[in-house]
Amino acid sequence: MRRLGSLLLLPLALGLLLLFSPALTPPALGAPGICVGPVCGDEIHRSAKHHWQLRLRVNDQQGQHERLVVDCRNGVLSPLAGPVERGYAAAVARRACRLAGEA
């Protein structure tokens, strides 16, 4: 008789575990803002001083990241050199400028 009771409680316990398991899982992280190839840009803000400048944070798949300022009038990045590959970083910056309506 005891064995029958424990066999009935097992599916009930598993059902409750499955029911409440989404509450125990950590929330998913959001996707990055703009990606071009292996480089993604997020935390995109317009400069307070010049409306044609955007400030953004770029990172690559190797874990390197940096903050950039892009002049949307001519697409120049500042600083000109850094750990993130500049070709992809420039493409991310150009796309951000287009989305901000500055290009």
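Preceding block: the structure.
Residues numbered from 1 in each chain as written. Predicted model: local features only at pLDDT ≥ 70, side-chain atom pairs only at ≥ 80, totals over all residues. Heavy atoms only, no water.

S.K.: A description of the overall build of the protein chain should follow, citing residues and the corresponding values.
M.R.: Summing up its helical and strand segments, the protein chain has two helices and five strands in all. When the helices and strands of the protein chain are listed from N to C terminus, the series reads α-β-β-β-β-β-α. When each of the 103 residues of the protein chain is scored for burial, the buried share is 27%. A separation of at least 24 residues holds for 28% of the contacts in the protein chain among residues at least 6 apart in sequence. By element, 63% of the accessible surface of the protein chain is carried by carbon and sulfur atoms, the whole surface being about 7,500 Å². (Helix = DSSP H or I, 4+ residues; strand = E, 2+ residues; numbered from the N terminus. Buried < 20%, exposed > 50% of the residue type's maximum accessible area, 1.4 Å probe, protein only. Contact = heavy atoms within 4.5 Å. Areas by Shrake-Rupley, 256 points an atom, 1.4 Å probe, with all protein chains shown as cover.)

S.K.: Could you give me a rundown of the environment of Arg67, with the residues and numbers involved?
M.R.: With respect to the helices and strands, Arg67 occurs in strand 4 (residues 65-71). Looking at Arg67, the relative accessible area reads 55%, which means it is exposed. Between the alpha carbons of Arg67 and Glu43 there is a distance of 9.3 Å; along the sequence they are 24 residues apart. In this structure Arg67 touches Glu43, Leu56, Arg57 and Pro79, once residues within four positions along its chain are discounted.

S.K.: Can you lay out the state of the cysteines for me, pointing to particular residues and giving the numbers?
M.R.: Should the sulfur atoms of two cysteines be covalently bonded, the bond is a disulfide. Under the definition given, this model contains two disulfides. Note on cysteine connectivity: Cys35 is disulfide-linked to Cys40, with sulfurs 2.0 Å apart. Disulfide Cys35-Cys40: the torsion about the S-S bond is 105 degrees, which places it as right-handed. The disulfide bridge from Cys72 ends at Cys97, spanning 1.9 Å between sulfur atoms. Between Cys72 and Cys97 the disulfide shows an S-S torsion of about -75 degrees. By sign, it is left-handed. (Disulfide = S-S within 2.5 Å.)

S.K.: Outline the environment of Gly63, listing residues and values.
M.R.: Among the structural elements, Gly63 can be located in the loop between strand 3 (53-60) and strand 4. Look at Gly63 and you get exposed, because its relative accessible area is 53%.

S.K.: Lay out helix 2 (residues 86-100) with the relevant residues and their values.
M.R.: In this model helix 2 runs 20 Å from its N-terminal to its C-terminal C-alpha over 15 residues, within 8% of the 21 Å that 1.5 Å per residue would give. The set of residues buried in helix 2 consists of Arg86, Ala89, Ala90, Ala91, Val92, Ala93, Ala96 and Cys97. Summarising the contacts, the buried residues of helix 2 are in contact with strand 1 (34-36), strand 2 (39-46), strand 3, strand 4 and strand 5 (76-78). Capping the start of helix 2, Glu85 holds a side-chain oxygen 3.1 Å from the backbone nitrogen of Gly87, two or three residues further along. (Expected span 1.5 Å × (residues − 1). Polar contact = N/O pair within 3.5 Å; in protein donor to acceptor, adjacent residues only side chain to side chain.)

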